[in-house]
Amino acid sequence: MKLTLTARPLETQAKEAWIIFVQNKKPLLSGHTELTKLLNSQIKKTGFSGDYAKTLVFPTFLSAVASAKADGKLKADNIVLAGLGDRKHFRMEYLERAASAAVRAGKKAGIKHFATGTAAEIGKVSESAFVRAVARGAAWGSYSFDTFKTDSKKRGGELSITFAGPCVNASACRKALTEAELESQALLATADLANLPGNEATPQKIANWAQKMAKENGLTYSVLNKAELKNKKCNAILAVAAGSAQDAKIITLKYKGTNPKAKPVVLVGKTITFDSGGLSLKTGKHMEWMQYDKSGGMAVLAAMQMVAHLKPATPVIGMLAVAENMPSGSAARPGDIVKAHNGKTIEILNTDAEGRLVLADALSLAKLHKPAAIVDLATLTGAVLSALGYTAAAVVGNDHKFNQKLIQAGDAAGERLWELPLWPENMDDMKGTFVDLRNISKSSTAGTINGAAFLANFVPEEIPWAHLDIAGTAYEEHSKAWTDAGATLFGARTLIEWIKGME
Ligand code: BES
Ligand code: ZN
Ligand code: ZN
């Protein structure tokens, strides 16, 4: 998706389509009184709901705006109306999704070149925030995972979107657009990896990918393979990979920061390339989509690529705890006891609670970087779907204020986070019978909090730490107006927003 910004207003843009956002059923078009009137009648005529991410594509010469088209006042061949829903319920993700949905709907109608305005007029959204969200949404809307479609080459042809009309603060708009472009490149490139199935995205392949990405983007790359993990007593992650033909790895990517004296932040991603459950084998339905159990790590990779280009002051370290969870004669058994990197002993009572095991070692290694903060992202529990559905990720941590910071970053970035508590009672539920910790709780309630309570044992209390459970938000099982099915890279947008805001 080619993104351009021009000071020349929308009415000068002879494009295949203009994208017009609609809020409270009103087209958002400042200063275009006549066109607004005509579009209003088109909305009435068609009964367009204007609900979020709903779209309506129509050719201008065959609609209520035909007179404007005929007079040459309307230079677009088509209009794509893109709903934002009601002003009262507005959130940034609705704008990003509407832009994405508009491009997808346009693309289906054969449209490749779009223009839209720069003036926001939406809730309290600033011009540059508007440009950023629309640009990122449009780029995402242009994406589909078609690596394995044998006819994909035929589709070809790059899409474009022009942001037309002077910005009040032109340099802020330009910066937002450049950043959105770099962020989108990272998201789209990583999506191609994140969507790969278990037979393709093996731990080794992820390591190769990360190494290449690091090299191309000026990050340092290092990896702990099986032997190094053994040396460092990372026995929890080794136990998860024990049943697999693929060895476990902990990958580390480093960005120095423009203020190298600042303490780094560490991002840790659960990267299970396939979660069969191990000997606590999942049943058919539950095993579908488990190639997306690497999503935490994929969000970290995308965030690291963004960081490499946007060059924030804060040093950032990304860690991926990579393993495949398989049953076999060498697999960990329920009841097995292992000692993690920090010396804590764990009873593996359920081999399907493997995410917390790989993260235990990675979090314990993370603190060696003396970080200012640690954030982990993981498709950790099915329970988060019961708690929050597909709408929001849970954030659970050891510092309420830090959780709030991430929630705010998520609000600005169009990713919803919801805080769940972490109480001493939850910590108690994870204490082992014969050893320090059990990997599943004594109670069968509050699964998402239990997972976090387990992880809390691997992070020193004085380091602000937040765990994002993204099991409900990391991938879409069905295509939506604004996205194909597959990886969403949920979390990457929040991380970069938070890191940029630290300056
Ligand atoms: N990868 C799963 C969690 C998951 C479930 C991700 C649904 C995406 C969609 C995780 O490893 C798992 O199996 N968790 C168990 C934990 C339980 C055994 C304590 C779960 O949620 O059932
Ligand atoms: Zn599992
Ligand atoms: Zn898992």
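Look above for the structure.
Residues numbered from 1 in each chain as written. Chains lettered and ligands numbered in written order. Predicted model: local features only at pLDDT ≥ 70, side-chain atom pairs only at ≥ 80, totals over all residues. Heavy atoms only, no water.

**Notes on the sheet that holds strand β18 (residues 465-469)**
Now for step 1: Read across the sheet, 8 strands follow the order β8-β9-β11-β10-β14-β18-β15-β16 without closing on themselves; strand pairing throughout is mixed. Looking at the sheet topology across the chains shown, the edges are occupied by β8 (220-224) and β16 (417-419). If you compare each strand with its neighbour and ignore which way they point, the axes differ by 20 degrees on average.
Now for step 2: Relative to β18, strand β15 (residues 393-397) is paired through 4 bridges, and the arrangement is antiparallel. By the bridge assignment, Gly397 is partnered in β18 with Ala466. (Pairing = 2+ DSSP bridges. Helix = DSSP H or I, 4+ residues; strand = E, 2+ residues; numbered from the N terminus. Axes fitted to C-alpha atoms, helices over the stretch in contact; angles between N-to-C directions.)

**Re the coordination of the zinc ion (ligand 3)**
Now for step 1: All of the protein donors around the zinc ion (ligand 3) are Lys270 (NZ), Asp275 (OD), Asp293 (OD) and Glu354 (OE); their distances to the metal are 2.0 to 2.4 Å.
Now for step 2: Every donor counted, the 6 donor atoms about the zinc ion (ligand 3) form angles of 78 to 171 degrees at the centre, which fits octahedral coordination.
Now for step 3: Binding-site remark: the zinc ion (ligand 3) is held by donors from one chain whose sequence spacing is K-x4-D-x17-D-x60-E.
Now for step 4: Here the zinc ion (ligand 3) and the zinc ion (ligand 2) are spaced 3.2 Å apart, and both take Asp275 as a donor. Here Asp275 is found in strand β10 (residues 265-275), whereas its partner Asp293 is found in the loop between α10 (284-287) and α11 (295-310), with 18 residues between them in sequence. For the pair shown, Asp275 and Asp293 are each scored as buried. (Donors = N, O, S within 2.8 Å, 3.2 Å for Na, K, Ca; no water. Tetrahedral: all angles 85-135°; square planar, octahedral: opposite > 155°, others 65-115°. Buried < 20%, exposed > 50% of the residue type's maximum accessible area, 1.4 Å probe, protein only.)

**Some details on the coordination of the zinc ion (ligand 2)**
Now for step 1: Distances from the zinc ion (ligand 2) to its protein donors, Asp275 (OD), Asp352 (O), Asp352 (OD) and Glu354 (OE), fall within 2.0 to 2.2 Å.
Now for step 2: Taken together, the 6 donor atoms coordinating the zinc ion (ligand 2) and their angles of 71 to 168 degrees define a geometry best described as irregular.
Now for step 3: Coordination of the zinc ion (ligand 2) draws on donor residues from a single chain, spaced D-x76-D-x1-E in sequence.
Now for step 4: Since its relative accessible area comes to 1%, Glu354 is described here as buried.

**Things to note about the side chain of Arg136**
Now for step 1: Tracing the backbone shows Arg136 in helix α4 (residues 127-141).
Now for step 2: In this structure Arg136 comes out as buried when scored by relative accessible area, which is 3%.

**Some remarks on the environment of Tyr292**
Now for step 1: In this structure, Tyr292 sits in the loop between α10 and α11.
Now for step 2: Along the primary structure Tyr292 and Leu196 are separated by 96 residues, whereas in three dimensions their C-alpha atoms are 8.5 Å apart.
Now for step 3: If near-sequence neighbours (up to four positions away) are discounted, Tyr292 is found in contact with Ala194, Asn195, Thr379, Tyr475, Gly486 and Ala487.
Now for step 4: Of note is the side chain of Tyr292, whose polar atom sits 2.8 Å from the side chain of Asn195. (Contact = heavy atoms within 4.5 Å. Polar contact = N/O pair within 3.5 Å; in protein donor to acceptor, adjacent residues only side chain to side chain.)

**Thoughts on the environment of Val22**
Now for step 1: Relative to the helices and strands, Val22 resides in strand β2 (residues 17-23).
Now for step 2: We classify Val22 as buried; its relative accessible area is 0%.
Now for step 3: With 372 residues separating them along the chain, Val22 and Ala394 place their C-alpha atoms 31 Å apart.
Now for step 4: With near-sequence residues (within four places) excluded, Val22 lies in contact with Pro27, Ile43, Phe48, Gly50, Leu81, Ala82, Gly83, Leu84 and Gly85.

**Side note on the packing of aromatic side chains**
Now for step 1: The full count for this structure, using the stated rule, is 10 aromatic pairs.
Now for step 2: Members of the aromatic cluster, connected to one another through ring pairs, are Tyr52, Tyr94 and Trp482.
Now for step 3: The cationic tip of Arg493 hangs over the ring face of Trp140; the distance from NZ or CZ to the ring centre is 5.4 Å. (Phe/Tyr/Trp six-rings, centres within 6.5 Å; stacked < 30°, edge-to-face > 60°. Lys NZ or Arg CZ within 6 Å of the ring centre and 35° of its normal.)

**Quick notes on the pairing of strand β7 (residues 160-164)**
Now for step 1: Among the 5 residues that make up β7, 5 are buried, leaving the element largely enclosed by the rest of the structure.
Now for step 2: The two faces of β7 match: Ser160, Thr162 and Ala164 on one face and Ile161 and Phe163 on the other face are all buried.
Now for step 3: Pairing of strand β6 (residues 113-117) with β7, which is carried by 5 bridges, proceeds in the parallel orientation. Of the residues in β7, the one forming a bridge with Ala115 is Thr162.

**Remarks on the site of ligand 1**
Now for step 1: Ligand 1 sits among 16 residues. The nearest are Lys282, Asp293, Asp352, Glu354 and Gly382.
Now for step 2: For ligand 1, a nitrogen atom lies 2.8 Å from a polar atom in the side chain of Asp293.
Now for step 3: Taking Thr379, its main chain carries an N or O atom lying 3.4 Å from a nitrogen atom of ligand 1.
Now for step 4: For the shell around ligand 1, the residue count by class is 5 nonpolar, 4 polar and 7 charged. (Near = heavy atom within 4 Å. Nonpolar A, V, L, I, M, F, W, Y, C, P; charged D, E, K, R; others polar.)

**Considerations on the pattern of salt bridges**
Now for step 1: One pass over the full model with this rule turns up 26 salt bridges.
Now for step 2: With a shortest N-O distance of 3.3 Å, Lys73 and Glu34 are connected by a salt bridge. One end of the pair, Lys73, is in the loop between α2 (66-71) and β5 (78-83); the other, Glu34, is in helix α1 (residues 33-46), and 39 residues separate them in sequence.
Now for step 3: For Lys73, a relative accessible area of 46% translates into the label partly exposed.
Now for step 4: In this structure, Lys73 engages Asp71 in a salt bridge whose closest nitrogen and oxygen atoms are separated by 3.7 Å.
Now for step 5: Through salt bridges that share partners, Glu96, Arg132, Arg136, Lys175, Glu179, Glu183, Glu415, Arg493 and Lys500 make up one connected network. (Salt bridge = Lys/Arg side-chain N within 4 Å of Asp/Glu carboxyl O.)

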